[in-house]
Each structure stands twice: as structure tokens, then as C-alpha cells.
Amino acid sequence: MSKYFKIPFAYDQDQNVVDVLSAERGKTYKCSCGSDVKLRGGHIVSDHFYHITESKCSLESAIHKAYKSVFQKNKKIRLPFEINGSKYIEFDRVELEKKIDDYIPDAIGYVDDTMYLIEFAKTSYIGERKKKKIKKTNVLCIEVSIIKTVKSIHEIEKHITTDNFYKKLIHIPEYHEAKDLREKFKKAYHDLENKHRQKCFDLEKKHNQNISWYKHQIELLKSTIKQMSKSIENF
Ligand SMILES: [Zn+2]
């Protein structure tokens, strides 16, 4: 038997998420783990769902799934901060766990043809490998850290659609123009660097002529290289 915890959310036969306020007593629901659950509670123990049979389940995954269901129903998110003068994004439609490239985000929201990725992070936040995959998709990605003490659908709705905390932007798409420009800049830099290095080398060979003048030229070229490499780092 899994460790006992009070399951706050379950699903009716139409896959709608229910909490202890919207569920009916005596009725059988499905837990996020797939097992049958029923509502119980009263004066001593607060209302909660319990597994009818033994099940491996966790509170975290129950809440994680509830976040996804609530988001799919509301199709709206309050951003962590204003983006392009907007605090919210309202989506035309939402898809859960749909694969794009080699990565499955928790949710994809669509506004016309523009995709947005939404991750509902558990304790294990988004790891480096996943971040790389998100970057590859080049789609705006918002991470919402699930609040593990939520007890009702209303609380989840409030967190997703009204609150700006426990949220962050994981990736902001880079436009092709900026990418191309950076590649061009990089190439120009490397060409120039090679040219300068060759010049340094030639000058060093001629050191027996006017040592101090050439040394000065060499230092100048070296400092140019240093400056350029700094500016490309900041680009
Ligand atoms: Zn369960």
C-alpha cells in the first residue's frame, strides 16, 4: 500500500477534474493514477478521495494532473510579468502531452498558429536536458511550479489565471533574423581574428628591425582581438 495521503482531486467519467467540493458522495471517480476512488470525510477528517483498492500513487502527481486539466479547461494564463504589454495569454485551444520534435511538454497553448509551451513543474523542476530540448523547439515556454498545498480547483484556477508567482519564462523564442545576424557576425570576427593573428606572426618574425615599434603594433592587435572576443561574448 502506498503511503497514505488525502487525494484532493479526481476525474469523472468524462475526464473532468473534480475536487471535494464538486464531487458527490457514494459515486466512484478515477484517481490520477487510474485507480477507482471515492469521496469520504466528515467532522473529524476533512473531505478527500481515497483509493478503493491498493494503488501506487502520489499527491504530487495528483496535483500535477489537476493543474493540466484545469489549464486545458480555462485556456488562459497570467504571465510572470508583462510581455509586449500583456499580462495574460488567452489561448484558442490547448493540447496536453503532445510530442513536438523529441520532447513532450505538459501543455501546448495555441493563439492562431503561434505555439506556447507550458510546463507544470513538480519538485524536480525542468532539468538541463529538457531545457536544451525546449530551446531547440524555439517556442516561448512558461514554467508554473505547482503548489502542493492546493485543495480545490478554484485555487489552481487562481494560481494559473490570476497570480504571477511561482512562474517563470524558460525560453523566449529567438527570431531567425537575429540568429542569422549573429552567425554572420561570428564569421566576420573569426576571419578578422585569423588575419590579425597572421599579421602578429609576421611582425614577430621581423622583430630584429625595430623591436619597440613592432612590439607596440603586436600589443595593439592583441588588444583588438581581446576586445572583439569580449563583444562577441556579450552579443
Ligand atoms: Zn491514485
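Residues numbered from 1 in each chain as written. Predicted model: local features only at pLDDT ≥ 70, side-chain atom pairs only at ≥ 80, totals over all residues.

(A) Region of interest: the nonpolar core. Counting 36 residues, the largest nonpolar core has A10, A66, Y67 and V70 as the members making the most contacts within it. Going through the elements one at a time, β1 (9-11), β2 (17-19), β4 (36-40), α1 (59-74), β9 (107-111), β10 (114-121), β11 (140-145) and α3 (153-161) are the ones with two or more residues in this core. Of the residues that make up this core, three or more belong to each of domain 1 (1-57) and domain 2 (75-173). In this structure V70 touches V17, I153, I156, E157 and I160, once residues within four positions along its chain are discounted. (Core = buried A, V, L, I, M, F, W, Y, C linked by C-beta atoms within 7 Å. Buried ≥ 20, exposed ≤ 12 C-beta atoms within 10 Å, placed from the backbone. Helix = DSSP H or I, 4+ residues; strand = E, 2+ residues; numbered from the N terminus. Domains from an automatic or database assignment. Contact = placed C-beta atoms within 7 Å.)

(B) Quick peek at the environment of G109. Mapped onto the fold, G109 is located in strand β9. Looking at G109, the number of C-beta atoms within 10 Å reads 24, which means it is buried. Separated by 13 residues in the primary sequence, G109 and L96 have C-alpha atoms spaced 8.8 Å apart. Once residues within four sequence positions are removed from consideration, G109 is found in contact with K75, I89, F91, V94, Y116 and I118.

(C) Focus on the sheet that holds strand β12 (residues 167-171). Pairing is mixed in the open sheet, where five strands are placed in the order β8-β9-β10-β11-β12. With partners counted over all chains shown, the strands left at the sheet margins are β8 (93-96) and β12, one partner each. Geometrically, the sheet is characterised by an average inter-axis angle of 25° between neighbouring strands, direction not taken into account. Bridge count for β11 against β12 is four bridges, and the pairing is antiparallel. Opposite C141, over in β12, you have H171 as the bridge partner. Along the sheet, helix α2 (residues 128-137) makes contact with β10, β11 and β12, crossing β12 at roughly 65°. (Pairing = 2+ DSSP bridges. Axes fitted to C-alpha atoms, helices over the stretch in contact; angles between N-to-C directions.)

(D) Representation of the domain arrangement of the protein within the structure. Each assigned domain of the protein is listed here: domain 1 (1-57), domain 2 (75-173) and domain 3 (176-235). Taking the mean C-alpha position of each, domain 2 and domain 3 sit 43 Å from one another.

(E) Region of interest: α3. When α3 is considered as a whole, its buried residues turn out to be I153, I156, H159 and I160. The buried side chains of α3 occupy one side of the element, clustering within an arc of 125° when seen end-on. Its buried side turned inward, α3 meets β2, α1, β6 (76-83) and β11. (Arc of directions from axis to C-beta.)

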